[in-house]
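# Report on the structure
Here is what each chain is made of, one letter per residue.
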Amino acid sequence: MVTLNMASSPKKSLCFLLALVLLSIVFQPTSCASAQAAPNNDFETDDMWSQCNCPSSASTTNKKQNHAKMAYLISVHNRRTIHDGAYLLKSLMETSHPGNTAVILIHVDHRVGIANPAEVAKNETLKNQFLYHESPLRRYVDACLANSCARSNNDSNDGAHKTNADNNVLLEVHSHFAPNWGQWSMNQPTIWGMEYLLYHPQFQRNTNKLRLGKTMSSENPSSLPPPWDVFVNLSGDTLPVISAQRISQLFNTIDGPLGNTNFVTSSSCATGLIPTSIFDFPKGTMKRSHYFQHGIPKRHSYVDTLSGEWKINVETPIYFGSQWMALTHDFVNYVIRSLSHPNGLGSVLKKTFVDTEVQMTDESFFATVLMNSPFNNTIPKLNKDDKSLLNYPSMQSLRYERMDENAPNAWDKWTSSNSLYDIPPKFKSVTDGEGPSKPWGPYFLGLYDLGDIKDSGALFIRKVSWSVDENLVRMLPVLRSESEEERMLLEWDVLPDIRWPKNGVKIKDPWVWSEENEEVE
């Protein structure tokens, strides 16, 4: 390193310093500025969150296609996921078409809450519960409600936006639970979302409207189409790879390749698109050992709430999947009914999990209910050769994520060799001190992961954050072209095939000239 020595050559040193000052004024490099202060999200414009473009009525195809009515639950738990959740919500709202998206519920972790600063000032115990109130997510929600792109029936917006019930999307923000990692409470927001979608009067009114529209018909309300078809729960740091319209088409219950199928896994699951039995893990491996060490019984007695039949002392193997799922209306109804019945399968499993204090129930509860219920024939049907989806071979997983929890995996084989996106020190300044990912993941995704995302054919990817690599946020979701030629391509086909360099990548921090100590010869 060259050291600047003013005493030995003052004239030369002064000229050098002036040159540095001029360079800093002319070029103003953003990388240097971001190294000295909290990074600015430069690609966000002032009106990005103050304008909400309603779902488009223009079709991207010449022929009318069937679609499912999607119900999304977005869960956010800290400053970063609240901010990232704004991008997710914008992607779902503005790439949907009327009727594609029926409901979007947002659950904000109660620890960060939806209080406003005035309420926080009056009650010190609220601490940082104003994070949602001051976020881009709240600004965008308000914009969608203000211009009638969406409607809301809750009080989280102080009653400011009560729009006509005939508007497109039911959009509501709630804050009820503060889940703790590894505990049963991780399931609470998901179960709440399911109950809300089944029992809230809003959906009963929708049913009444359908009944009245049958011209005085005495048709059984249960035979009427439900107000939504598919329930998808997403973390705030998720992005769709394709448009909300295309997701709706793929899940349509008439001829959609993903229709009438329950997805409870992600790309990191050991058995791909189908849940993993605890017995599929060899003895001594973490998940199998943990559950058996806690005395999980192999048999249970419960009431099948679909048939009313008692199942006495039947084998009830534990299955693992993912916390993030896509479920049919009928299965969601089964889950909630089985939780509501004191002897239902859901209630029995919940009591077992809580009493034995096992962890990771957010990954095991729904998969176990599914595989031990009459709906176990609704799991994805796979090709024998490559384990891809039989009805949609380009799809290897519902959601792509990078995790090393199985590396070395259950069979003691390393499965990951790519580099990782390291979290720079400045990351903490935009996340209230959030640290890097856990050693086993899930890891943050960036541009170098596009090749694997392309191969996966996944509908969603996680974890994605503007604060780590904004390039994916700029690029996704992929929208289909109007041209006939390009409509023949799948969205994944047009993604650039960018992968991690085989020799790895190491990024050097930007130079900060004010901190450099140079010597001028």
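Note that the structure is predicted; figures quoted are calculated from it, not measured.

## Some remarks on the overall build of the protein chain
Along its length, the protein chain carries 15 helices and 13 strands. Of all intrachain contacts in the protein chain linking residues separated by at least 6 positions in sequence, the fraction that spans at least 24 positions is 73%. Roughly 25300 Å² of accessible area belongs to the protein chain as shown, and the carbon and sulfur atoms make up 52% of that amount.

## So, the sheet that holds strand E6 (residues 238-240)
The 3 strands lie next to each other as E6-E13-E12, forming an open sheet whose pairing is mixed. Where the open sheet ends on each side, the last strands, each with one partner, are E6 and strand E12 (399-400). Sheet topology places E12 next to strand E13 (residues 460-462); 2 bridges connect them, and they run parallel. Paired with arginine 399 across the bridge in E13 is phenylalanine 460.

## Section: helix H12 (residues 361-371)
In terms of residue burial, H12 counts as a mostly covered element, since 11 of its 11 residues are buried. Among the residues of H12, those classed as buried are Thr361, Asp362, Glu363, Ser364, Phe365, Phe366, Ala367, Thr368, Val369, Leu370 and Met371. Against the buried residues of H12 lie helix H6 (188-199), helix H9 (286-293), strand E10 (319-320), helix H10 (329-340) and helix H11 (345-356).

## What to know about the state of the cysteines
Using the criterion set out here, one finds 2 disulfides in the structure. Between the sulfur atoms of cysteine 52 and its disulfide partner cysteine 144 the distance amounts to 2.1 Å. Across the S-S bond of cysteine 52 and cysteine 144 the torsion is about 90°, and the bridge reads as right-handed. Taken together, the positions of cysteine 52 in the loop between helix H2 (30-36) and strand E1 (70-76) and cysteine 144 in helix H5 (residues 136-146) put the pair 92 residues apart, joining distant regions of the chain.

## Overview of the environment of isoleucine 318
By the element assignment, isoleucine 318 lies in the loop between strand E9 (310-315) and E10. A relative accessible area of 4% places isoleucine 318 in the buried class. Separated by 43 residues in the primary sequence, isoleucine 318 and proline 275 have C-alpha atoms spaced 9.7 Å apart. In this structure, isoleucine 318 is in contact with Thr276, Ser277, Ile278, Tyr291, Ile296, Phe353, Ser364 and Thr368, ignoring residues within four places of it in sequence.

## Observations regarding the confidence of the model for the protein chain
Confidence in the prediction for the protein chain averages 78 pLDDT; 73% of positions are at 70 or higher. Here residues 155-167 is modelled with pLDDT under 50, and outside its nearest four sequence neighbours on either side it reaches 26 contacts, counting other chains as well.

## As for the pattern of salt bridges
Tallied over the entire structure, the rule returns 18 salt bridges. In this structure, aspartate 497 and arginine 499 form a salt bridge, with 2.8 Å as the shortest nitrogen-oxygen distance. The class for arginine 499 is partly exposed, based on a relative accessible area of 34%. Each member of the salt-bridge network shares a partner with another, and the members are Arg80, Asp84, Asp237, Arg399, Glu401 and Arg462.

## Quick word on the sheet that holds strand E5 (residues 230-235)
Reading across from one edge, E3-E4-E2-E1-E5-E11 is the order of the 6 strands in this open sheet, with mixed pairing throughout. Edge positions in the open sheet fall to strand E3 (150-151) and strand E11 (326-328), since each of these has one partner strand only. Pairing of strand E2 (residues 101-108) with strand E4 (residues 169-174), which is carried by 5 bridges, proceeds in the parallel orientation. Bridge assignment links leucine 105 to a residue of E4, and that residue is glutamate 172.

## Things to note about the side chain of serine 243
Counting through the fold element by element, serine 243 comes out in the loop between E6 and helix H8 (244-250). Engagement of the side chain of serine 243 in a polar contact is seen with the backbone nitrogen of arginine 246, the distance being 3.1 Å.

## Focus: H9
Along H9, the positions that sit buried rather than exposed are Lys287, Arg288, Ser289, His290 and Tyr291. Close packing links the buried residues of H9 with E10, H11 and H12. The first or second residue beyond H9 is glycine 295, which carries a positive phi of 75°.

## Some points on the nonpolar core
Membership of the largest hydrophobic core comes to 67 residues, with the highest contact counts inside it found for Leu89, Met93, Ile104, Ile106, Phe251 and Ile461. With 7 residues, helix H3 (residues 79-94) is the single largest residue contributor to this core. If we ignore the near neighbours within four places in the chain, the residues touching methionine 93 are Cys52, Asn53, Pro55, Ile104, Tyr140, Cys144, Cys149, Ala150 and Val169. With 47 residues, the next largest nonpolar core counts Leu105, Ile191, Tyr196 and Phe375 among its residues.

## Regarding the packing of H10 against H11
Two numbers describe a pair of packed helices, the interaxial angle and the distance between the axes. Where H10 contacts H11, the two axes come as close as 5 Å, and the packing angle between them is 65°. Across the interface between the two elements, Tyr334, Ser338, Leu339 and Ser340 of H10 pack against Leu345, Gly346, Ser347 and Lys350 of H11. Here the contact of H10 with H11 is built from residues that sort into 3 nonpolar, 4 polar and 1 charged.

## Some words on the packing of aromatic side chains
One pass over the full model with this rule turns up 11 aromatic pairs. Relative to phenylalanine 365, the ring of tryptophan 184 has its centre 5.0 Å away and its plane inclined at 85°; by these criteria the two rings are edge-to-face. Of this pair, tryptophan 184 sits in the loop between E4 and H6 while phenylalanine 365 sits in helix H12, and the two are 181 residues apart along the sequence. Considered together, tryptophan 184 and phenylalanine 365 belong to a single accessibility category, that of buried residues. Each ring, one from phenylalanine 365 and one from phenylalanine 366, has its centre 5.1 Å from the other, and the planes form 80°; the classification is edge-to-face.

Analysis parameters
Positions within a chain are numbered from 1, following the residues in the order the chain's sequence is written. Side-chain atom pairs in this predicted model are given and counted only at pLDDT of 80 or more, local residue features only at pLDDT of at least 70, and totals for whole chains, interfaces and linings cover all residues. To obtain the side-chain values, all non-hydrogen atoms of the structure were included, while hydrogens and water were left out. Under the scheme used here, helices are H or I runs from DSSP no shorter than 4 residues and strands are E runs no shorter than 2 residues, and both carry numbers assigned from the N terminus. For this analysis, residues touch if any pair of their heavy atoms sits within 4.5 Å. Working definition of accessibility: Shrake-Rupley area with a 1.4 Å probe, residue cover restricted to the visible protein chains. A pair of strands is treated as paired once DSSP finds two or more bridges between them. Only protein chains enter the area calculation, which uses a 1.4 Å probe; residues under 20% of their type maximum are buried, those over 50% are exposed, and those in between are partly exposed. Pairs of cysteine sulfur atoms within 2.5 Å are identified as disulfides in what follows. The predictor's confidence in any single residue is recorded as pLDDT, a number from 0 to 100. Salt bridges, as used here, are contacts in which a Lys or Arg side-chain nitrogen is within 4 Å of a carboxyl oxygen on Asp or Glu. In protein, a polar contact requires one atom able to donate a hydrogen and another able to accept it; more generally it is a pair of N or O atoms within 3.5 Å, and residues adjacent in sequence count only if both atoms are side-chain atoms. In this text, buried Ala, Val, Leu, Ile, Met, Phe, Trp, Tyr and Cys residues form a nonpolar core when linked through side-chain atoms within 4.5 Å. Note on geometry: axes are lines fitted to C-alpha atoms, helical ones only across the stretch in contact, with angles between N-to-C directions running from 0 to 180 degrees. Under the grouping applied here, Gly and all other residues not named as nonpolar or charged are polar, the nonpolar ones being Ala, Val, Leu, Ile, Met, Phe, Trp, Tyr, Cys and Pro and the charged ones Asp, Glu, Lys and Arg. Classification of ring pairs uses Phe, Tyr and Trp, with its six-membered ring standing for Trp, and accepts pairs whose centres are within 6.5 Å; under 30 degrees between planes counts as stacked, over 60 as edge-to-face, and the remaining range as tilted.

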